[in-house]
Amino acid sequence: MSQQGFYRPQGAWVGDVIPWQEDGIFHLFYLRETRRTPAEGMPWHRVVTEDLAGFQELGESIGSGGTSADDFNVYTGSIVLEADGTHHAFYTGQNPAKTGKDGRPLQLVMHATSNDGMRTWQRHPEDTFGVTDGYETGDWRDPFVFWDEEARLWRMLITARRAEGPARRRGVIAQCVSSDLVRWEPTEPFWDPQRYVAMECPEVFQWGEWWYLVYSEFSDAFTTRYRMSRSQHGPWIVPEHDTLDGRAFYAAKSAGRDGRRFFFGWIASREGARDDGAWQWAGTMAVLEADQRPDGTLAFHPTDGLRDTLDTEIADGAGIAAGTLLDAPSSRAEVLTSTDAPSAFRSVVRFGISGGTTECGVLLRASADGDEAYVLRLEPKRGRLVFDRWPRRSTGTEQWQISGDVPFAIELERPCHLEPGVHELEVIVDGDICVATVDNATVLSTRIYDRPTGRLGVFVGEGTVTIDAFSVFTRAEPGDEPGSHDHDLVAAAT
């Protein structure tokens, strides 16, 4: 079920991704979630890609250890390459039938190696280790290993929780060190902000003169954040806009190639494949590229590979002409396309926003009169992009009931600078996936289930905008899409 530029395996979902780049190929190990009952042991599977548009499944990589094994579930970890050509996988082993000394479900750090280019892996159960003193046994996961050139040793970051302290602020990134990737010694925590329940899937990397710490917050906000520093030892600076995406894009980890940085996460599905369904763990793999600004902060946007999968322009901008003026200083104005949008498309709209404008944006899958639609709303006065829909889920049959129509989901908004002037809103829709980007820097990903078809539109509320550009692109004919000619990719990877 691979949508071009995204990836989901047939009959399953993508959980946390463990990216590894080698010789120009991204090897994307991922937790394969089937959601079957009774639960199956979770394995690592692997897909490979070169262009970040076509993803090719290579099947199981590290399988479940079995019902009685410590690694019945093979959870998140990392890959490193030793100088002798040996690949090392460090991962979380978990078995719900096993508990630690504190009665919590036991999590362990485990080790496997490959000497044949990551085709097969040999487990090393003798290298398994659990929490050190002072930490909960139920949170000891997501080992991230990297080489510290300055200290000439390997460092391992581990998602952990203090055994004592306020229950919702015990999250810590623990640290162990090793000289041989076999024996690990605990050392001082890598980061202890005393703010979160846990900081999942941590990683650290250097890019130019800056170091970056990336983690997924498991607390009041379910999102991936980053911090920055001039040193791997901190102090860690909080950038003004510190999230990669919104609520639906989670557990992102990165890999570099040719001086560029790509983040691999998953867009969560919703229960029942409906807009009001609860968010579910795992979903569809998605990739964002980061750009490094002169001050070291990061801007995020879809990859060129994803954009190239939707590069066939629909003539005349689907009926909304450049130069269209929407002037509604105390009301609302909108323009809709004359026909429905394709099920997969990329739309690029440039708004010339006048000072004092309250809101403007794009309507997705709108009814012919625009009264029902998904809404991507730019709010200059509040400095944010919001994903909304109308009508929202109402608690009754009438809008004037006291409960009214529930507000938009606060999890689906992103802060961004929207000073008067020209701003670009790019929208990529592929089936039930929607990825919106403001000024090639701020991304908001989500799901859209309940309205499978409808028109595109632009609108303004209490303000004035000029539509400087309106373009719609759809998918090329089969066989012409990016990745369709990479016949040798799987052979090279295997």
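Here's what I pulled together on the structure shown here. As the structure is a computational prediction, the values presented were derived from the model and not from experiment.

### Structural notes on the sheet that holds strand β14 (residues 210–218)
Pairing within the open sheet is antiparallel, and its three strands lie in the order β13-β14-β15. Of all the strands in the sheet, the pair left with one neighbour each is β13 (198–207) and β15 (222–229). With direction set aside, neighbouring strand axes in the sheet form an average angle of 20 degrees. Pairing of β13 with β14, which is carried by eight bridges, proceeds in the antiparallel orientation. Residue pairing in the sheet places glutamate 203 in a bridge with valine 214 of β14.

### Focus on the sheet that holds strand β12 (residues 185–191)
The four strands lie next to each other as β9-β10-β11-β12, forming an open sheet whose pairing is antiparallel. Both edges of this open sheet fall to β9 (135–148) and β12, since each of them pairs with a single strand only. When the angles between neighbouring strand axes are averaged without regard to direction, this sheet yields 30 degrees. Across four bridges, strand β11 (residues 171–178) lies against β12 in antiparallel orientation. By the bridge assignment, isoleucine 173 is partnered in β12 with tryptophan 191.

### Re the packing of aromatic side chains
This model, assessed by the stated rule, comprises 25 aromatic pairs. With 5.5 Å between their ring centres and 50 degrees between their planes, phenylalanine 26 and phenylalanine 264 make a pair best called tilted. One end of the pair, phenylalanine 26, is in strand β2 (residues 25–33); the other, phenylalanine 264, is in strand β17 (residues 260–270), with 238 residues separating them in the sequence. Look at phenylalanine 264 and you get buried, because its relative accessible area is 0%. Ring centres of tyrosine 212 and tyrosine 226 lie 6.2 Å apart, and the angle between their planes is 50 degrees; on these two criteria the pair is classed as tilted. Here tyrosine 212, found in strand β14, pairs with tyrosine 226, found in strand β15; they are 14 residues apart in sequence, far enough to count as distant.

### As for the pattern of salt bridges
Enumeration according to the criterion identifies 37 salt bridges in this entry. Here glutamate 40 makes a salt bridge to arginine 36, at a shortest N to O gap of 2.9 Å. Glutamate 40 sits in the partly exposed class, given a relative accessible area of 39%. On the accessibility criterion, arginine 36 (48% relative accessible area) is partly exposed. Here arginine 384 ties to glutamate 413 by a salt bridge, and the two come within 3.1 Å at their closest N and O atoms.

Calculation notes
Residues numbered from 1 in each chain as written. Predicted model: local features only at pLDDT ≥ 70, side-chain atom pairs only at ≥ 80, totals over all residues. Heavy atoms only, no water. Pairing = 2+ DSSP bridges. Helix = DSSP H or I, 4+ residues; strand = E, 2+ residues; numbered from the N terminus. Axes fitted to C-alpha atoms, helices over the stretch in contact; angles between N-to-C directions. Phe/Tyr/Trp six-rings, centres within 6.5 Å; stacked < 30°, edge-to-face > 60°. Buried < 20%, exposed > 50% of the residue type's maximum accessible area, 1.4 Å probe, protein only. Salt bridge = Lys/Arg side-chain N within 4 Å of Asp/Glu carboxyl O.

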